[in-house]
Amino acid sequence: GETTRGGTVTPPTWARGGVQETAWNAWVNHAGGHVYMMCKKSEFDACRDDFLPADPFRATQDQQDSYLQCVWDCFESNTLEWDDANSSAGEAWAQKLQFRDDKCTYVAMEPTTKAGKDGRLWRYTPIPDSLQVSNGGEGKCTWDSVRSFSSPEAREKFVASFGEDDVCDWGLDQHAPSDWHVFDKVKVPMDVEEGEYLLSWRWDAYTADQMWTNCADVTVGPPLAEGESSSATGAEDGDGCGVTPSTSSPTGSPTKPTATPKPTSSPEKQPSATPKPTQHPVATPKPTSAPVEDVDGPSCPTGYTGIRPLDGCTKYHHCVNGQVAGATHHCAAGTLFDVDYQYCNWANLVECDVAGEGCYSNNYRDCNHPDFQSEDASCQTIWLPEGRRNSCIALWGECTILGEGSCCEPAVCYRGDDGGSYGQCVPPS
């Protein structure tokens, strides 16, 4: 296909009815789910010819909308299915995390799917974002998805990035797993026409209000002849790695039932409506490092679990039970750590409050307006020595799902004398 730098490249040929490997990598992890789709190039080009003027930059909003709808319908009509053949028996991986470009160093993962529009299956990102599960979000702890390692070295590198099997989702590289590539296997439909296609990858994030997509050129060719093998092979299929995958049975990782990925606000057509997730209390995690004593470095309020900004929101670090856990991370140029969304956001969208600057609060979590910064602002006013709090429910907020310990202190979760099904954070009696 054509390239943006001029010239052409020869795309790979995928056999109708065959199985092919796909892979993607995220510099910053926002969890969520992904899917692969195909659109025949001739149909893709027809969308442009039918709805856009000769100069696309002069297209009206209606023309742009019609063009995008045409393209989306084309891709959506060929959503690829996942290949899980023999994976449950351990004969092949269905999904794996590969360390960098080393095809022999990988972790076989147990894939988790969610049915979207018309029953098409999306796959969850196999690595939860930092404290996603521990703070009451949906998903599974990292080790709950681990099936086996290709070698002892693969396990060592995985532990260095995500912690031992008693670490749920606060490993060193949990939010920035750039060393690990997500591999899947997809089925090429037998009933599609042969020819040039665009392959689309779409990722709907869970912990950020974002949707990411990319595409590649492929050629769909004739079905494989009897006895001919597909090109979708891994380290266990005879590529010369000389390793035998070792199974791993996590012993200490907390578990959490699978739920539905959080939808994004992408302007594109969404694959399905998303029901409200069912959350369950998660055991308090164990910090991976000792508290940091340097007053000029990262610090955590007593008992606090969450992520805090540092150095004018240009950096951030993790807190678990009031202790600093893991290393300090830098936000990319042009971004700052957004306390509300718990990730590095565009700098112009972030209001960075100085860490450690105390304030008065009427709801035990948020700082009062500057005009009401006094101890008598209300009968519920308290002083927050570390400023605005995160990862707790404000006064009068609902605590039905998360229960005891989820309210911002000194509030408590009240369910009535009969322990009813509805809970609300109320002032202490």
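Up top you'll find the structure we're talking about.
A. Local environment of the environment of W82. Inspection of the secondary structure assignment puts W82 in strand β4 (residues 81–82). Assessed through its relative accessible area of 7%, W82 is described here as buried. Between the alpha carbons of W82 and A94 there is a distance of 8.2 Å; along the sequence they are 12 residues apart. Residues contacting W82, with those up to four places away along its chain left out, are H34, V35, Y36, T113, L121, W122, R123, D184, K185, V186 and K187. Polar side-chain contacts of W82 include one of 2.9 Å to the backbone oxygen of L121.

B. Just the state of the cysteines, in detail. According to the stated counting rule, one finds 10 disulfides in the structure shown. A sulfur-sulfur distance of 2.0 Å marks the disulfide that ties C300 to C319. When the S-S torsion is -85°, as for the bridge of C300 with C319, the disulfide is left-handed. Linking C300 in the loop between β13 (246–247) and β14 (306–310) with C319 in strand β15 (residues 315–320), this pair joins segments that are 19 residues apart in sequence. Just as C300 is buried, C319 falls in that class too.

C. Main features of the pattern of salt bridges. Counted under the stated rule, the structure contains 15 salt bridges. Here R100 makes a salt bridge to D179, at a shortest N to O gap of 3.1 Å. With a gap of 79 residues between them, R100 in the loop between β5 (95–99) and β6 (106–109) and D179 in the loop between α3 (152–162) and β10 (180–187) connect regions that are remote in the sequence. For R100, a relative accessible area of 46% puts it in the partly exposed group. The closest approach of N and O atoms between R120 and D118, which form a salt bridge, is 3.1 Å. D118 sits in the exposed class, given a relative accessible area of 61%.

D. Structural context of the sheet that holds β14. In spatial order, the strands read β14-β15-β16; together these 3 strands make up an open sheet with antiparallel pairing. Of all strands in the sheet, those bounded by a partner on one side alone are β14 and β16 (323–330). Looking at each pair of strands side by side, their axes are set apart by 25° on average, direction ignored. In the sheet, β15 pairs with β16 via 5 bridges, with the strands oriented antiparallel. Counterpart to V320 in the pairing with β16 is Q323.

E. Molecular detail of the packing of helix α1 (residues 41–51) against helix α2 (residues 61–76). Contact geometry of α1 with α2 gives a least axis separation of 9 Å together with a crossing angle of 165°. Taken together, α1 and α2 sit at an angle that is classed as roughly antiparallel. α1 and α2 meet at a crossing whose hand is right-handed. Note on element contacts: α2 touches α1 through Q63, S66, Y67, C70, V71, C74 and F75, opposite E43, F44, C47, R48 and F51. For the contact of α1 with α2, the residue count by class is 8 nonpolar, 2 polar and 2 charged.

F. Structural view of the packing of aromatic side chains. Applying the stated rule across the entire model yields 15 aromatic pairs. Between F158 and F162, the ring centres sit 5.0 Å apart and the planes meet at 55°, which makes this aromatic pair tilted. Here F158 and its partner F162 are both found in helix α3, 4 residues apart, which amounts to about one turn of the helix. Connected via pairs of aromatic rings, a cluster forms that spans F99, W143, F149, F158, F162 and W180. The residue whose ring lies beneath K96 is Y106, and the NZ or CZ to ring-centre distance is 4.6 Å. Of note, K185 hangs over the ring of W93, and the distance from its end group to the ring centre comes to 4.3 Å.

G. Focus on the sheet that holds strand β7 (residues 113–115). Read from one edge of the open sheet, 6 strands run β1-β12-β11-β3-β8-β7, paired in mixed fashion. Looking at the sheet topology across the chains shown, the edges are occupied by β1 (13–15) and β7. Between one strand axis and the next, the sheet turns by 40° as a mean value, whatever way the strands run. Pairing of strand β3 (residues 33–40) with strand β11 (residues 195–204), which is carried by 8 bridges, proceeds in the antiparallel orientation. Across the sheet, the residue bridging to M38 is L199, located in β11. Lying over the sheet, α1 contacts β3 and β11, oriented at roughly 85° with respect to β3. In this fold α2 packs onto β3 and β11, with an angle of close to 100° to the strand it touches most, β3.

Calculation criteria
Numbering of residues starts from 1 in every chain and runs along the sequence as written. Per-residue local features are limited, in this predicted model, to residues with pLDDT of at least 70; the limit for side-chain atom pairs, both in listing and counting, is 80 or more; totals at the level of whole chains, interfaces and linings are taken over all residues. Only hydrogens and water are set aside; all other atoms, that is, all heavy atoms of the structure, feed into the side-chain values. Under the scheme used here, helices are H or I runs from DSSP no shorter than 4 residues and strands are E runs no shorter than 2 residues, and both carry numbers assigned from the N terminus. Relative accessibility thresholds used throughout: buried, under 20% of the residue-type maximum; exposed, over 50%; partly exposed, between the two (1.4 Å probe, protein chains only). By the convention used here, residues are in contact when the closest approach between their heavy atoms is within 4.5 Å. Two N or O atoms count as a polar contact when they lie within 3.5 Å, although within protein this holds only if one can serve as hydrogen donor and the other as acceptor, and sequence-adjacent residues are included solely when both atoms are side-chain atoms. The rule for a disulfide is simple: a pair of cysteine sulfur atoms within 2.5 Å. Salt-bridge detection follows one rule: a side-chain nitrogen of Lys or Arg within 4 Å of a carboxyl oxygen of Asp or Glu. At least two bridges found by DSSP between two strands are what make those strands a pair. In this analysis, axes come from line fits to C-alpha atoms, helices being fitted only over the stretch in contact, and the angle between any two N-to-C directions falls in the range 0 to 180 degrees. We call two directions roughly parallel when the angle between them is under 35 degrees, roughly antiparallel when it is over 145, roughly perpendicular when it lies between 65 and 115, and oblique otherwise. What makes a crossing left-handed is the near helix being turned counterclockwise from the far one by less than a right angle; a clockwise turn instead makes it right-handed. Asp, Glu, Lys and Arg are counted as charged, while Ala, Val, Leu, Ile, Met, Phe, Trp, Tyr, Cys and Pro are counted as nonpolar; the rest, among them Gly, fall into the polar class. Here a pair means two rings of Phe, Tyr or Trp (six-membered ring of Trp) with centres within 6.5 Å. Their orientation is stacked below 30 degrees between planes, edge-to-face above 60, and tilted elsewhere. Placement of a positive charge over a ring is assigned whenever Lys NZ or Arg CZ falls within 6 Å of the ring centre and within 35 degrees of the normal to the ring plane.

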